Each structure stands twice: as C-alpha cells, then as structure tokens.
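# Descriptive analysis of the structure
For reference, the chains in residue letters:
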Amino acid sequence: MTEHRRDAALSLSEQATIRELLDADRRRTTDRIALLGRDRDEIVTSSALTASDDEHDPEGTSTAFERAHVQALLDQALTHLAELDLASERLRDGTYGTCARCGQRIPIERLQVLPAIKTCMNCASRRR
C-alpha cells in the first residue's frame, strides 16, 4: 500500500487547491447547518404553540413533514461536515487522493468536483 500512497501523492499546488476547496465547502456546510438548525427550531417552536392533534389539524401533517424534511437535510449536512473533516485529516496525513477501497490514485478532476470523496470512479460505480 505504501507504493500506492507514494504514487498518489498530490503536488503542493494540488494540495493547496484541495485545501481551499475543503475550506470553502466546510464554510458553506457550517452555514447551511446553522440555517437548517434555525429552521428546525422555528418549526418546533411554532408547532409547540399550536394544537398537537396532527390527525385532525389540516396543517399538522404538513408541519410534521416539514420538520422531518428539515431534520433530514440537517442530518445530511452534518454527515457531509464529518466527511470534510476526514478529508482534511487525510490531506494532512498524506493519504488524501488515494481510493479507500482499491488504493489507486483518484484523479484530481474528481477530487476538485467532490473534495470529500474517498473512492475512485470504478469503486464508486461498483457500490451501486
């Protein structure tokens, strides 16, 4: 596996580009988490002020759906943030850009589009 890591090493300019992409994505994601958290809190607060009989309240089901939808988006954003943090760790320890499944180098073009990605196209397509 050491050979793969040596072959997969990113140049200094590629590392700087990826670091910038990860940082920008992290800022967007933390902003999104804050926004979704506020949205969720507003939904919870407003639903606490109304009747809790979802079955007979015409707005109850849409409120429950909205709350579940916002929570799902928040969960996705939190997962993505964790993936970004792991990608930053891989960048620091020199394993970034190496497929977690096969050990081959992930093309820089794929990394630039999906900076938190851990797999090459071949391995990603086999997962589905």
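Residue numbers restart at each chain and count upward from 1, following the sequence in its written direction. In view of the model being predicted, local features appear only for residues whose pLDDT reaches at least 70, and side-chain atom pairs are presented and counted only at 80 or more, with totals across whole chains, interfaces and linings using the full set of residues. Just so you know, side-chain values use all the structure's heavy atoms and leave hydrogens and water out.

An unreviewed UniProt entry annotates the chain as TraR/DksA family transcriptional regulator originating from Nonomuraea mesophila.

### Focus on the layout of surface pockets
What counts is decided by this rule: Buried and open spaces are told apart on a 1 Å grid over the protein atoms alone, a cavity being a set of points where a 1.4 Å probe fits but cannot get out and a pocket being an open set with protein on both sides within 12 Å along at least five of seven lines. Residues with an atom within 4 Å of a point are the lining residues. Grid points are joined across faces, edges and corners, and a volume is the space filled by probe spheres set on the points. Secondary structure is summarised from DSSP: a helix means a run of H or I of at least four residues, a strand means a run of E of at least two, and numbering begins at the N terminus for each.
Approximately 280 Å³ is the volume found for the largest pocket. In this structure, the largest pocket is lined by 16 residues; those nearest its centre are His-80, Glu-83, Leu-114, Ala-116 and Ile-117. Among the elements of the structure, helix 2 (12–48), helix 3 (60–93) and helix 4 (108–113) are those that each provide at least two residues to the lining of the largest pocket. When residues in the lining of the largest pocket are grouped by element, the largest group, four residues, is from helix 3.

### Some thoughts on the side chain of Thr-29
Put simply, the rule reads: The cut-offs for exposure are 20% and 50% of the maximum accessible area for each residue type, with area from a 1.4 Å probe on protein chains only; residues under the lower value are buried, those over the upper are exposed, and the others partly exposed. Contacts are assigned to residue pairs that have any heavy atoms within 4.5 Å of one another.
Position of Thr-29 among the secondary structure elements: in helix 2. Taking the relative accessible area as the measure of exposure, Thr-29 reaches 6% and is therefore buried. Sequence-distant contacts of Thr-29, defined by excluding residues within four places in its chain, comprise Ala-77, His-80, Leu-81 and Leu-84.

### Considerations on helix 2
Quick reminder of the rule: By definition here, a helix of n residues has an expected span of 1.5 Å times n minus one.
For helix 2, with 37 residues, the first-to-last C-alpha span of 53 Å sits near the 54 Å given by 1.5 Å per residue. For helix 2, the set of buried residues is Glu-14, Ile-18, Leu-22, Ala-24, Asp-25, Thr-29, Ile-33, Leu-36, Gly-37, Ile-43 and Ser-47.

### Some remarks on the environment of Glu-42
Take Glu-42: it is sitting in helix 2. Spatially, the C-alpha atom of Glu-42 lies 9.5 Å from that of Arg-67, the residues being 25 residues apart in sequence.

### Describing the pattern of salt bridges
Operational definition: Think of a salt bridge as a Lys or Arg side-chain nitrogen and an Asp or Glu carboxyl oxygen that are within 4 Å of each other.
Summed over the entire model, instances satisfying the criterion amount to four salt bridges. As a salt-bridge pair, Arg-105 and Glu-14 come within 3.2 Å of each other at their nearest N and O atoms. Of this pair, Arg-105 sits in the loop between helix 3 and helix 4 while Glu-14 is found in helix 2, placing the two residues 91 residues apart along the sequence. Residue Arg-105 is classed as partly exposed on the basis of its relative accessible area of 33%. Residues Asp-41 and Arg-40 are paired through a salt bridge, measuring 3.3 Å at the closest nitrogen-oxygen approach. Arg-40 sits in the partly exposed class, given a relative accessible area of 26%.

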